[in-house]
Amino acid sequence: MDCCRSANPFRLCSALRVLGSFMVFLVLAIVTLSYYAVVVVAWGPRLSHGFPVSVLASVIIVVFHLLLALLIWSYFMVVFHDPGAVPANWRPLLDEESLERTASATLSDYIAPETRASTSSPPEGIERRPNTGYCARCQNGKPPRCHHCSVCQRCVLKMDHHCVWVVNCVGARNYKFFLLFLIYTFLETILDTFVLLPNFVKFFGDARKHSSSPGNLAVTFLAFVLNLAFALSLLCFVGMHTSLVLSNTTTIEVYEKKKAVIWKYDLGKRKNFEQVFGTKKLLWFLPLFSAEDLEKIPALKGLDFPTRSDVEL
Ligand SMILES: [Zn+2]
Ligand SMILES: [Zn+2]
């Protein structure tokens with residue numbers, strides 16, 4: 001299924017590219033606003049208060065900075081890391097069985113019905129096998145789970161979706177970074193909401209008594225409302241992507257999976273998780289992969305994916 005041609009909401013591609021640059025500034029502006037509200041206005045001054053307030057303030061400020069560092073690191077990794085491009089003149093490795101099928105099958109057998117209309121004959125030297133295709137726009141082979149992104153104007157390996165917040169496609173090689181960004185942002189917004197709550201409640205009293213500066217009152221109010229709104233909406237995304245990772249499905253494949261009796265990429269929850277996060281437990285929490293995982297887990301390269309039948313063999 002080629003999502004970009006069927007039900008992709010990102011048809012206004014050039015407008016989205018312009019919006020993308022704005023989103024980076026928006027993310028940085030929200031981070032700066034939250035930093036000012038939590039550290040400068042709400043809890044920084046409490047560091048000089050007596051015990052136990054000073055200890056609580058220290059803990060909040062340390063956790064805030066730790067989450068912020070992980071959030072920004074994950075964010076720039078997903079923004080600047082290539083989600084995965086199809087190598088020039090890519091062609092699938094054909095095993096003997098596929099070669100036999102290639103000999104007896106017609107072109108239409110190799111292309112999903114919904115992509116036939118947009119697909120022309122491949123140039124000489126590019127072969128097909130079931131589950132792989134050919135992208136007429138890129139003039140190149142199309143590995144399994146790869147989709148053409150209309151915004152990036154190229155094929156992206158194991159494409160999940162094009163994300164305006166990170167100004168990049170989310171695919172095989174940066175999906176983990178995107179998920180960590182999602183999780184750390186969720187945790188940071190939850191923390192901000194709770195630690196700003198006392199100041200938010202005080203906001204109405206202070207506003208009447210004029211005991212705080214109008215600027216600080218406005219920053220506290222805005223930061224609290226924004227963090228609460230983001231925390232609630234991110235809760236849905238975190239839940240959705242947890243379910244997708246554990247079933248080894250991309251956002252694009254949800255519809256396809258619903259139609260399938262057995263989802264062929266579902267290798268069991270643990271293996272499905274490792275296909276995205278790698279096998280090294282310490283690195284699960286960081287936007288990094290070990291060289292060994294990159295070597296041993298084909299899904300992280302994005303060109304080939306083990307299926308249930310491979311595992312069961
Ligand atoms: Zn393409
Ligand atoms: Zn894209």
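Remember, predicted model here, so these are calculated numbers, not experimental data.

Rules used in this analysis
- Residues numbered from 1 in each chain as written.
- Chains lettered and ligands numbered in written order.
- Predicted model: local features only at pLDDT ≥ 70, side-chain atom pairs only at ≥ 80, totals over all residues.
- Heavy atoms only, no water.
- Donors = N, O, S within 2.8 Å, 3.2 Å for Na, K, Ca; no water.
- Tetrahedral: all angles 85-135°; square planar, octahedral: opposite > 155°, others 65-115°.
- Buried < 20%, exposed > 50% of the residue type's maximum accessible area, 1.4 Å probe, protein only.
- Patch = residues over 30% accessible without salt bridge, like charges linked within 9 Å, V, L, I, M, F, W, Y side chains within 5 Å.
- Areas by Shrake-Rupley, 256 points an atom, 1.4 Å probe, with all protein chains shown as cover.
- Salt bridge = Lys/Arg side-chain N within 4 Å of Asp/Glu carboxyl O.
- Helix = DSSP H or I, 4+ residues; strand = E, 2+ residues; numbered from the N terminus.
- Core = buried A, V, L, I, M, F, W, Y, C linked by side-chain atoms within 4.5 Å.
- Domains from an automatic or database assignment.
- Contact = heavy atoms within 4.5 Å.
- Lys, Arg positive; Asp, Glu negative; His and termini not counted.
- Polar contact = N/O pair within 3.5 Å; in protein donor to acceptor, adjacent residues only side chain to side chain.

Visitor: Please explain the coordination of the zinc ion (ligand 2) as it appears in this structure.
Guide: When four donors bind a metal tetrahedrally, each ideal donor-metal-donor angle is 109.5 degrees, and when six bind octahedrally, the ideal angles are 90 or 180 degrees. For the zinc ion (ligand 2), the full set of protein donor atoms is C149 (SG), C152 (SG), H162 (ND1) and C169 (SG), at a range of 2.1 to 2.3 Å. Taken together, the 4 donor atoms coordinating the zinc ion (ligand 2) span angles of 101 to 117° at the metal, a pattern that classifies the geometry as tetrahedral. When the donor residues of the zinc ion (ligand 2) are listed from N- to C-terminus, their spacing reads C-x2-C-x9-H-x6-C. Judged by its relative accessible area of 27%, C152 is partly exposed.

Visitor: Help me understand a nonpolar patch on the surface, please; the structure alone is not making it clear to me.
Guide: There is a patch of nonpolar side chains on the surface, built from F51, V55, V59 and V63 and spanning about 390 Å² of accessible area. For V59, the location among the structural elements is in helix α3 (residues 53-80).

Visitor: Would you take a moment to explain unusual backbone geometry for this structure?
Guide: Glycine aside, residues mostly have negative phi angles, and peptide bonds mostly take the trans form. With an omega dihedral of 0°, the bond running from F51 to P52 counts as a cis peptide bond. Relative to the elements of secondary structure, P52 occurs in the loop between α2 (13-43) and α3. Even without glycine at this site, R145 takes up a positive phi of about 70°. By secondary structure assignment, the location of R145 is in the loop between β2 (140-142) and β3 (147-149). With a relative accessible area of 7%, R145 lands in the buried category.

Visitor: Can you walk me through the coordination of the zinc ion (ligand 1) in this structure?
Guide: Here the zinc ion (ligand 1) is held by the protein donor atoms C135 (SG), C138 (SG), H148 (ND1) and C155 (SG), which lie 2.0 to 2.3 Å from it. Around the zinc ion (ligand 1), the 4 donor atoms are arranged such that angles at the metal cover 100 to 126°; this shape is classified as tetrahedral. Each donor residue of the zinc ion (ligand 1) lies on one chain, and together they are spaced C-x2-C-x9-H-x6-C. Note that C135 is positioned in strand β1 (residues 133-135) and C155 in strand β4 (residues 154-156), a separation of 20 residues in sequence.

Visitor: In this structure, what is going on with the pattern of salt bridges? I would like to understand it.
Guide: Tallied over the entire structure, the rule returns 5 salt bridges. Linking R270 and E274 is a salt bridge whose minimum nitrogen-to-oxygen distance equals 2.9 Å. Taken together, the residues R270 and E274, both in helix α9 (residues 269-277) and 4 residues apart, mark about one turn of the helix. Look at E274 and you get buried, because its relative accessible area is 16%. Put simply, K296 and E292 hold a salt bridge, and the shortest N to O gap is 3.1 Å. Of the two residues, K296 and E292 both sit in helix α10 (residues 291-296), 4 residues apart, roughly one turn of that helix. A relative accessible area of 39% places E292 in the partly exposed class. A single salt-bridge network, built from bridges that share partners, covers K280, E292 and K296.

Visitor: Could you clarify how one ought to interpret the nonpolar core in this entry?
Guide: Generally speaking, a soluble globular protein has its nonpolar side chains buried in company with each other. Counting residues in each nonpolar core, the largest one holds 53 residues, and the members touching the most others are W43, V166, Y175 and F178. Sorting the residues of this core by element identifies α2, α3, α6 (175-209), α7 (214-246), α9 and α11 (298-301) as the ones contributing at least two each. Mapped onto the domain boundaries, this core takes at least three residues apiece from domain 1 (10-84 + 171-236) and domain 3 (257-312). Each residue touching V166, except ones within four places of it in the same chain, is listed here: Y75, V78, V79 and F181. One finds V86, W90, C135 and C155 within the second-largest nonpolar core, a separate group that totals 7 residues.

Visitor: Can you help me understand the side chain of D160 in this one?
Guide: Considering the arrangement of structural elements, one finds D160 in the loop between β4 and β5 (161-163). Of the side chains with opposite charge, K158 comes closest to the buried, unpaired D160, at an N-O distance of 7.1 Å. Only 2.7 Å separates the side chain of D160 from the side chain of T251, close enough to count as a polar contact. The residues contacting D160, other than those within four sequence positions of it, are V170, G171, Y175, H241, T250, T251 and I252.

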